[in-house]
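Overview (structure and organization)
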Amino acid sequence: MRKYSFIIPTFGREEYLLCAVASINKIEVVNKEIIVVDDNPESKVFEHLDPKIKNMIIYIKNDKNRGPGYSRKVGFLKSTGEYIIFMDDDDFYTATNFLKYAQKIFQQYQNLSFISFNANNYYMKNHNIVQEGMLNRIGLISGAEYLKNFQIVINKPKSTFTSIFKKAALIDAGINEMEIVNDASIFLRVLLVGDAYLSDTIIGNYRIHDSNITKTLSAEFIVENLVEKEKVFNLLKFNNFNRYKWLYEQSKVSVIYFYFNNEEYSKDTAIIKWIQNQEFLVRILLLKDVYISILKRKIKKVIRG
């Protein structure tokens, strides 16, 4: 029987973590392992867990706070499953039979790197569950097509917890050489070595709250993602025009995200430095995007008074 490894980086969110683990245990697959990587060296989480929960997980504690990208890689290196699911500690599953369906799809399409499903947005402030940001393409998509149109024409899966990756594809894609293992970088890497299958089935809830990892990203973290995208750019087999077009479009997503979600955009030195090291056209276009983003934030601030 195929084995599935669930890798969960965590930091100070014990209640959410327990909910995530409980949702995994309800999934109708016996052969699975849950690897929790605690990024808080002072954490007492494991001591507080019920003995039954302790027996269900492999618990690893980092020697210092290193971030979720590092923690995912630690969990991956510890994993023994043929299939990998990277899960944030605040997400949880509502479906129980999606792995059985995924296995049939993997058997049908041998060149798949991953299968992704949909998830609801769960707004914690008012406990509303909303279907938004769903996948806009369903079925088999070649790696080359998805890579070329990633996040621009074809939506990115909402999170890695809705995706099942072949471990062999992750290794072929160079995950062991990645300095950080974060969602967009994971998807881009594995699309270099295989295809994707997207399903419209909703399998869980993606919590949205003030302490979401994606809402607390520093400029340095964004640069780490930009550097990873640059590495993928160097591996692309497109012609030069399409390669640089791809780098600009993918970099723009990360850059705009920072300015859209970060009030303290003055702390963008690392991002500007990275941009200034790019080729002329990419540099000019990204600096234009930065200027427009800052201007929009200033206008909104004035309107709010």
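One structure accompanies this document, and this report is about it. Predicted, not measured: the structure shown is a model, and the values here were computed from it.

**Describing the overall build of the protein**
For the protein, the helix and strand inventory stands at twelve helices and ten strands. Rg of the C-alpha trace for the protein: 19 Å, near the compact-globule value of 19 Å for 305 residues, within the 12% margin. If one aligns the C-alpha atoms of the protein with their principal axes, the spans along those axes are about 55 × 45 × 35 Å. Residues counted as buried form 53% of the 305 residues belonging to the protein. Carbon and sulfur atoms form 53% of the exposed surface of the protein, whose accessible area is close to 14900 Å². Across the protein, the centroid of the 42 positively charged side chains sits 3 Å from that of the 34 negatively charged ones.

**Details of the packing of aromatic side chains**
Tallied over the full model, the rule gives 19 aromatic pairs. Between Phe92 and Tyr122, the aromatic rings sit 6.1 Å apart at their centres with planes inclined by 75°, giving edge-to-face as the arrangement. Placement of the pair is Phe92 in strand β5 (residues 92-93) and Tyr122 in strand β6 (residues 112-123), with a sequence separation of 30 residues. What makes Tyr122 buried here is its relative accessible area of 14%. Where Phe258 meets Tyr259, the ring centres are 5.1 Å apart and the plane angle is 85°; that geometry is what we call edge-to-face. By relative accessible area, Phe258 is classed as buried at 3%. Ring pairs connect the aromatic residues Phe6, Tyr93, Phe98, Tyr101, Phe117 and Phe161, which therefore count as one cluster. A cation over a ring is seen here: Lys54 above Phe46, with NZ or CZ 5.2 Å from the ring centre. The lysine or arginine in question, Arg243, covers the ring of Phe233, its NZ or CZ lying 4.2 Å from the ring centre.

**Things to note about the pattern of salt bridges**
Per the counting criterion, the structure on display carries twelve salt bridges. A salt bridge links Arg13 to Asp89, with the nearest nitrogen and oxygen atoms 2.6 Å apart. Residue Arg13 is found in the loop between β1 (4-10) and α1 (14-25), and its partner Asp89 is found in the loop between β4 (83-86) and β5; the two are separated by 76 residues along the sequence. Overall, Arg13 belongs to the buried group, its relative accessible area being 14%. On the basis of relative accessibility, which here comes to 2%, the residue Asp89 falls in the buried class. The partner of Lys156 in a salt bridge is Asp183, and the shortest N-O contact between them spans 3.1 Å. Taken together, the positions of Lys156 in the loop between α6 (143-149) and β9 (163-166) and Asp183 in helix α8 (residues 183-191) put the pair 27 residues apart, joining distant regions of the chain. On the basis of relative accessible area, Lys156 is assigned to the buried category, the value being 19%. Exposure remark for Asp183: the relative accessible area of 27% places this residue in the partly exposed category. Members of the salt-bridge network, linked through shared partners, are Arg13, Asp89 and Asp90.

**Points about the side chain of Lys229**
Along the polypeptide, Lys229 turns up in helix α9 (residues 219-235). In this structure, Lys229 is buried with no salt-bridge partner, the nearest side chain bearing the opposite charge being Asp183 at 8.3 Å. Each residue touching Lys229, except ones within four places of it in the same chain, is listed here: Gln151, Leu188, Trp246, Leu247, Gln250, Ser251, Val253 and Ser254.

**Considering the environment of Ile164**
Within the secondary structure layout, Ile164 lies in strand β9. Taking the relative accessible area as the measure of exposure, Ile164 reaches 0% and is therefore buried. Each C-alpha atom, one on Ile164 and one on Ile85, is 5.2 Å from the other, the two residues being 79 residues apart in sequence. Beyond its immediate sequence surroundings of up to four residues, Ile164 is in contact with Tyr4, Tyr83, Ile84, Ile85, Phe98, Leu99, Ala102, Phe106, Ser113, Phe114, Ile115 and Phe117.

The rules behind these values
- Residues numbered from 1 in each chain as written.
- Predicted model: local features only at pLDDT ≥ 70, side-chain atom pairs only at ≥ 80, totals over all residues.
- Heavy atoms only, no water.
- Helix = DSSP H or I, 4+ residues; strand = E, 2+ residues; numbered from the N terminus.
- Rg over C-alpha atoms; globule rule 2.2 N^0.38 Å.
- Buried < 20%, exposed > 50% of the residue type's maximum accessible area, 1.4 Å probe, protein only.
- Areas by Shrake-Rupley, 256 points an atom, 1.4 Å probe, with all protein chains shown as cover.
- Lys, Arg positive; Asp, Glu negative; His and termini not counted.
- Charge placed at Lys NZ, Arg CZ, Asp CG, Glu CD.
- Phe/Tyr/Trp six-rings, centres within 6.5 Å; stacked < 30°, edge-to-face > 60°.
- Lys NZ or Arg CZ within 6 Å of the ring centre and 35° of its normal.
- Salt bridge = Lys/Arg side-chain N within 4 Å of Asp/Glu carboxyl O.
- Contact = heavy atoms within 4.5 Å.

Everything listed here is a matter of geometry and, on its own, says nothing about what the molecule does.
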